[in-house]
Amino acid sequence: MRVLRETAFVNFQEIISQLETAKESRINFYFVTEEQNQEIYALLVHVMGYMDKLYLVEVIFTVLKELLMNANKANAKRDYFTRENLDIQNAGDYAKGMSRFQENIIMKWNEQLDRLDGGNYYISLLMKVEGKSIHFAVENNAPITKEELARINRRIEVAKNYNDLSDAFTDVSDSTESAGLGLVLIQLLLKNSGIGSEKFKIFTNDKITRATLSVPEVTTPVEIQTDLKTKLLNEIDGLPPLPHSLTKIIQLCNNPDSDLHMISQEIEKNPALSADLLKLSNSAFFANRSQVSSILQAVKVVGLKNLRNLLYVSGVRKIMDGQYGKMMDVWDHSSRCSYYARYLATENNHTNKIADIIAVSALLHDIGKFLLLSVDRGFFKKIETYQRGVDSGNSTLLEEMAIGLSHPQLGALLAEKWEFPMDLRVAIEYHHKPFLAPAELRDLVEVIYMANMMADYHEQKKGFYAIDKILLAKFNLDNIDVFSAAVNKIELLFKKSNE
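Residues numbered from 1 in each chain as written. Predicted model: local features only at pLDDT ≥ 70, side-chain atom pairs only at ≥ 80, totals over all residues. Heavy atoms only, no water.

**Comments concerning the pattern of salt bridges**
(1) Moving on: If you walk through the whole model with that rule in mind, you get 20 salt bridges.
(2) Moving on: One salt bridge in this structure joins Arg 100 and Glu 84, with 3.2 Å as the shortest N-O distance. Here Arg 100 is found in the loop between helix H4 (91-99) and helix H5 (101-104), whereas its partner Glu 84 is found in the loop between helix H3 (57-83) and H4, with 16 residues between them in sequence.
(3) Moving on: Residue Glu 84 is classed as partly exposed on the basis of its relative accessible area of 35%.
(4) Moving on: Lys 461 is the salt-bridge partner of Glu 459, the closest N and O atoms lying 3.0 Å from each other.
(5) Moving on: Relative accessible area serves as the criterion here: at 16%, Lys 461 is assigned to the buried category.
(6) Moving on: One connected set of salt bridges, linked through shared partners, spans Arg 336, Glu 459, Lys 461 and Glu 491. (Salt bridge = Lys/Arg side-chain N within 4 Å of Asp/Glu carboxyl O. Helix = DSSP H or I, 4+ residues; strand = E, 2+ residues; numbered from the N terminus. Buried < 20%, exposed > 50% of the residue type's maximum accessible area, 1.4 Å probe, protein only.)

This is the structure in structure tokens:
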């Protein structure tokens, strides 16, 4: 059996070829690392794209990642029991071993790869296509004990009592071997995604444990209804429109026959907007030999599209700060993301195509967070803390499972309410899922995604292996040292720009 070590990678084309011929594809590991999880995510984008089910990538990855981690822990546990001369099937030995499991294994997790690499335990990820259905399995050669099986069944039963993840956050407290949310999360994801919790099964005998997931041809997602979702939708309805003084200038910008003098005169009536426009026109992104000092000159330098975008930012900031106070943590992250996005667009020769929208898209990508933080800051922070620093999949999936809406979806609803142009709406809605964006705007969304992930990496919210490997390669950042150096370089430039 060929087993992948930490440095081995998946051959995407070989696996797709196997699936096309209805053969079972098997990838074997000694220990599944975060780097290999990153590979698996990229593989799923290929596989689910082939199955025309890209919309299920995040759900499937989250389920498989949880199962692979459980298999890692099960193998590490058995290796530990063997080293300690404990019989895992003996109740007394099991209790003795588990009393020290957290301290000796979980707290020393980085050591487990070296212990298990090349050893007797393996983990397999299996995939097979039948017609328009696809089947997954995670298998390891560590049979489940009666106590472990009882714990698993209890968690699955508990999950049946929940309609959304918010209840589980406060209710599930079993931390014997993990956070206790894993199996509950799997059941909720499968139920709410339309796959169906009955499509998930666990089998064990005296040699192996296998968890299986069958994704049917047709899935009908369940619309999650929560009090928080209702409150958020009502909040959107209650927000005011963009200020009339700004929409008047936006209309002038959208009119090809507009007179620049008329537009300049309207801007001059708004001192704050005038100051922002002059600052933008004199920034490094608009290379001018002389200082721009008049509004008319600034409009000519920046251009009507960039001016229009600046107006959207100004309007949103005025409304959000007025309604919810100055949430500087969101704005600071967004400003960093905007600068990073501008830099990436320039470095990757996207300037001519998307420079007009790139900075404002990045600046407004998280406007949905204002609503989440204002309506229930405590709960949103719980989700953020649960994910913080973890090389996990898409954190917005937890928002969807807990609330019924994610912050990108909320942002898209706000963009629709305020009649943003389509490119800006798409950037806001898909900045966590660029592979779902319309093809004609995917380049734009990919830049926003990468800039956001780089900003999250700098802010220690996300690790390198949480980032889409395919897009890292597209931006020539698919080496952790190269990526880290790029983030450090852009961050220094960002700080200098704010001095």
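**Quick word on the environment of Ser 25**
(1) Moving on: Within the secondary structure, Ser 25 is located in strand E1 (residues 25-29).
(2) Moving on: Overall, Ser 25 belongs to the buried group, its relative accessible area being 1%.
(3) Moving on: In sequence terms Ser 25 and Ser 124 are 99 residues apart; their C-alpha atoms lie 9.9 Å from each other.
(4) Moving on: Ignoring anything within four residues of it in the chain, the contact list for Ser 25 reads Ile 15, Gln 18, Leu 19, Leu 125, Leu 126 and Met 127. (Contact = heavy atoms within 4.5 Å.)

**A word on the nonpolar core**
(1) Moving on: In terms of nonpolar packing, the biggest core is built from 146 residues, with Ile 60, Phe 136, Leu 364, Phe 420, Met 450 and Met 454 touching the most fellow members.
(2) Moving on: Sorting elements by how many residues they give to this core places helix H22 (residues 442-458) first, with ten residues.
(3) Moving on: Beyond its immediate stretch of four places on either side in the chain, Met 450 contacts Leu 344, Ile 467, Leu 471, Leu 472, Phe 475, Leu 477 and Phe 483.
(4) Moving on: In terms of nonpolar packing, the next biggest core, distinct from the first, is built from 14 residues, Phe 31, Leu 86, Tyr 94 and Leu 113 among them. (Core = buried A, V, L, I, M, F, W, Y, C linked by side-chain atoms within 4.5 Å.)

**Notes on the sheet that holds strand E5 (residues 209-215)**
(1) Moving on: The sheet built from five strands is open, its strands ordered E1-E2-E3-E5-E4 with antiparallel pairing. The open sheet is flanked by E1 and strand E4 (200-204), the only strands paired with a single partner. Geometrically, the sheet is characterised by an average inter-axis angle of 15° between neighbouring strands, direction not taken into account.
(2) Moving on: Bridge count between strand E2 (residues 123-130) and strand E3 (residues 133-140): eight bridges; the pairing is antiparallel. Bridge pairing in E3 links Val 129 to Ile 134. (Pairing = 2+ DSSP bridges. Axes fitted to C-alpha atoms, helices over the stretch in contact; angles between N-to-C directions.)

**Describing the pairing of E2**
(1) Moving on: Counting buried positions along E2 gives six out of eight residues, so the element sits mostly inside the fold.
(2) Moving on: The pairing of E1 with E2 spans five bridges and is classified as antiparallel. Directly across from Ser 25, in E2, lies its bridge partner Met 127.
(3) Moving on: Once E2 ends, the chain turns through two residues before running back antiparallel as E3, passing Gly 131 with a positive phi of about 65°.

**As for the packing of helix H9 (residues 182-193) against helix H19 (residues 396-403)**
(1) Moving on: With their axes 11 Å apart at the nearest point, H9 and H19 run at an angle of 75° to one another. Classified by the angle between their axes, H9 and H19 sit roughly perpendicular to one another. Contacts between H9 and H19 pair Leu 185, Leu 188, Leu 189 and Asn 192 from the former with Leu 397, Leu 398 and Met 401 from the latter.
(2) Moving on: Counted by class, the contact of H9 with H19 contains six nonpolar, one polar and no charged residues. (Parallel < 35°, antiparallel > 145°, perpendicular 65-115°, else oblique. Nonpolar A, V, L, I, M, F, W, Y, C, P; charged D, E, K, R; others polar.)

**A look at the packing of aromatic side chains**
(1) Moving on: Following the criterion strictly, the structure yields eleven aromatic pairs and no others.
(2) Moving on: Ring plane angle 45° and centroid distance 5.4 Å describe the contact between Phe 31 and Trp 109, whose orientation is recorded as tilted. With Phe 31 in the loop between E1 and helix H2 (34-50) and Trp 109 in the loop between H5 and helix H6 (112-116), the pair connects residues that are 78 residues apart, well separated along the chain. Trp 109 carries the same exposure label as Phe 31, and that label is buried.
(3) Moving on: Ring centres of Tyr 41 and Phe 61 lie 5.1 Å apart, and the angle between their planes is 90°; on these two criteria the pair is classed as edge-to-face. Of this pair, Tyr 41 sits in helix H2 while Phe 61 sits in helix H3, and the two are 20 residues apart along the sequence.
(4) Moving on: Judged by its relative accessible area of 11%, Tyr 41 is buried.
(5) Moving on: Here the aromatic cluster, defined as three or more aromatic residues joined through ring pairs, consists of Tyr 457, Phe 464, Tyr 465 and Phe 483.
(6) Moving on: Lying over the aromatic face of Phe 101, Lys 77 brings its terminal NZ or CZ to 6.0 Å of the ring centre.
(7) Moving on: The ring of Trp 331 has Arg 317 sitting right over it, with the charged end atom 4.4 Å from the ring centre. (Phe/Tyr/Trp six-rings, centres within 6.5 Å; stacked < 30°, edge-to-face > 60°. Lys NZ or Arg CZ within 6 Å of the ring centre and 35° of its normal.)

Shape is all these values report; function is a separate question.
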